[in-house]
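# Residue-level structure breakdown
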Amino acid sequence: MSTSHGPRRRHTLRALFGLWTLVGGLLLLARWLPLLPDAAVLACCGLLAVPLAWLLFRRRRLRRAAFRAVALTPGTPWQHRLRGGLPMLLGQSLVALGVAGLLVLGVVRLDLREFWLLLIALVPVWLLVHGAVLGGLTAVVNRRFLRVVSDRVAGWLVGLPLLAALLAVAFHRPVPSVSGLSIEGALAAYTAEVTANSVALEIGLVLAAAAEALPQWFAQNLAASLPGSGWQGLAWTLVLLREWLVVWPLMLLVQAVHGWLDRADEHARSGRSE
């Protein structure tokens, strides 16, 4: 029994410390990116986009494989033509760059102690939930699609509580008072402290601050005059739902890095067995 639990425990510890290393790298990026020039910021986005592109490309090819298996006859030349190659990789790489940009803006904007404590706690929770989902779906899902389905289910099960926690933190985070100000005044209040050596990062942070300022201005100036508490709740919900633009890229990155760690571990074990 110990021989079977030993490799599994080592595998879990490698995944645990690997994902904690990812969280530490994101923390360093959040602190350093405002000090870096454009070229370094774009390079960091490109580095984050690599595992994201790998994950998105693999998922897209699996969806295409499922379509080919169901919709096309086995002998048709379209079986090969529709596999997905360089054009698909380039397309998913562009999507990955956009997702990486959202993640960069999110971690810089949410550089708070509570946020990083949540991410540290997220790693063991992710491994526990993902392991349970993977084990539960093994007898149900085709082995070829097991990983992607498990990633998606675990992503929702972990991502939604993380989103709720970020919303709770946002509710208790002090915000500038824009009551009585014009829209221009509210934008100025939210963008006054945005500073970065990178022009691209500064523009992104200004846009993120504006996306936060406009709903806040609406909530503080107009929501109280709207009939019923439902409209006011909707106004505040619109203020806070932007946190999903951080949670979604973050969960994709966790899935990608976890998948890399698992594949590396599988290759190492197969190499030792040979």
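Every value quoted in this text rests on a predicted model; they were computed, and no experiment measured them. (Residues numbered from 1 in each chain as written. Predicted model: local features only at pLDDT ≥ 70, side-chain atom pairs only at ≥ 80, totals over all residues. Heavy atoms only, no water.)

Moving on, we get to the overall build of the protein chain. A count of helices and strands for the protein chain gives 10 helices and 0 strands. Counting all 274 residues of the protein chain, 38% fall into the buried class. Summarising the internal contacts of the protein chain: among those between residues at least 6 apart in sequence, 78% fall at separations of at least 24. For the protein chain, the exposed area adds up to about 15300 Å²; of that, 69% sits on carbon and sulfur atoms. (Helix = DSSP H or I, 4+ residues; strand = E, 2+ residues; numbered from the N terminus. Buried < 20%, exposed > 50% of the residue type's maximum accessible area, 1.4 Å probe, protein only. Contact = heavy atoms within 4.5 Å. Areas by Shrake-Rupley, 256 points an atom, 1.4 Å probe, with all protein chains shown as cover.)

Here we come to empty space enclosed by the protein. Tallied over the full model, the rule gives 1 cavity of 30 Å³ or more. Reported here for the largest cavity is a volume of approximately 30 Å³. In this structure, the largest cavity is lined by Leu 110, Leu 112, Phe 115, Leu 166, Val 169 and Arg 173. When its residues are assigned to classes, the lining of the largest cavity shows 5 nonpolar, no polar and 1 charged. (1 Å grid on protein atoms, 1.4 Å probe; cavity = no way out; pocket = protein on both sides within 12 Å on 5 of 7 lines; lining within 4 Å. Points joined across faces, edges and corners; volume = space filled by probe spheres on them. Nonpolar A, V, L, I, M, F, W, Y, C, P; charged D, E, K, R; others polar.)

Tallying each qualifying case throughout the model produces 0 disulfides. Note on Cys 44: no disulfide assigned, nearest cysteine sulfur contributed by Cys 45 at a separation of 7.1 Å. Owing to a relative accessible area of 17%, Cys 44 belongs among the buried residues under this scheme. Residue classification places Cys 45 among the buried residues on the basis of a relative accessible area of 12%. (Disulfide = S-S within 2.5 Å.)

This paragraph deals with the packing of aromatic side chains. Scanning all chains against the criterion turns up 4 aromatic pairs. Considering the side-chain rings of Trp 156 and Trp 244, the 5.7 Å spacing of their centres and the 20 degrees angle between planes classify their relative orientation as stacked. Within this pair, whereas Trp 156 is found in helix H6 (residues 146–171), its partner Trp 244 is found in helix H10 (residues 244–273), the two being separated by 88 residues in sequence. Among the residues examined, Trp 244 registers a relative accessible area of 28% and is labelled partly exposed. (Phe/Tyr/Trp six-rings, centres within 6.5 Å; stacked < 30°, edge-to-face > 60°.)

A word on the pattern of salt bridges. Applying the stated criterion across every chain yields a total of 4 salt bridges. Residue Arg 147 is joined to Asp 151 by a salt bridge in which the shortest nitrogen-to-oxygen separation is 3.4 Å. With Arg 147 and Asp 151 both in helix H6 and 4 residues apart, the pair spans about one turn of that helix. The closest approach of N and O atoms between Arg 147 and Asp 262, which form a salt bridge, is 2.5 Å. Here Asp 262 lies in helix H10 and Arg 147 lies in helix H6, a separation of 115 residues in the sequence. The class for Asp 262 is buried, based on a relative accessible area of 8%. Connected via shared salt-bridge partners are Arg 147, Asp 151 and Asp 262. (Salt bridge = Lys/Arg side-chain N within 4 Å of Asp/Glu carboxyl O.)

So, about the packing of helix H5 (residues 113–137) against H6. With their axes 9 Å apart at the nearest point, H5 and H6 run at an angle of 150 degrees to one another. Relative to H6, H5 is oriented roughly antiparallel. Our pair here, H5 against H6, has a crossing hand that is right-handed. Its residues assigned to classes, the contact of H5 with H6 shows 19 nonpolar, 3 polar and 3 charged. (Axes fitted to C-alpha atoms, helices over the stretch in contact; angles between N-to-C directions. Parallel < 35°, antiparallel > 145°, perpendicular 65-115°, else oblique. Left-handed = near helix turned anticlockwise from the far one by under 90°.)

Turning to the layout of surface pockets, a few remarks are in order. Computed from the structure, the second largest pocket encloses a volume of approximately 610 Å³. Considering the residues around the second largest pocket, the lining is formed by 20 residues, among which Arg 109, Tyr 190, Glu 193, Val 194 and Glu 212 are closest to the centre. Of all elements in the fold, only helix H4 (86–109), helix H7 (183–191) and helix H8 (199–221) reach the threshold of two or more residues within the lining of the second largest pocket. The element that contributes the greatest number of residues to the lining of the second largest pocket is H8, accounting for 4 residues.

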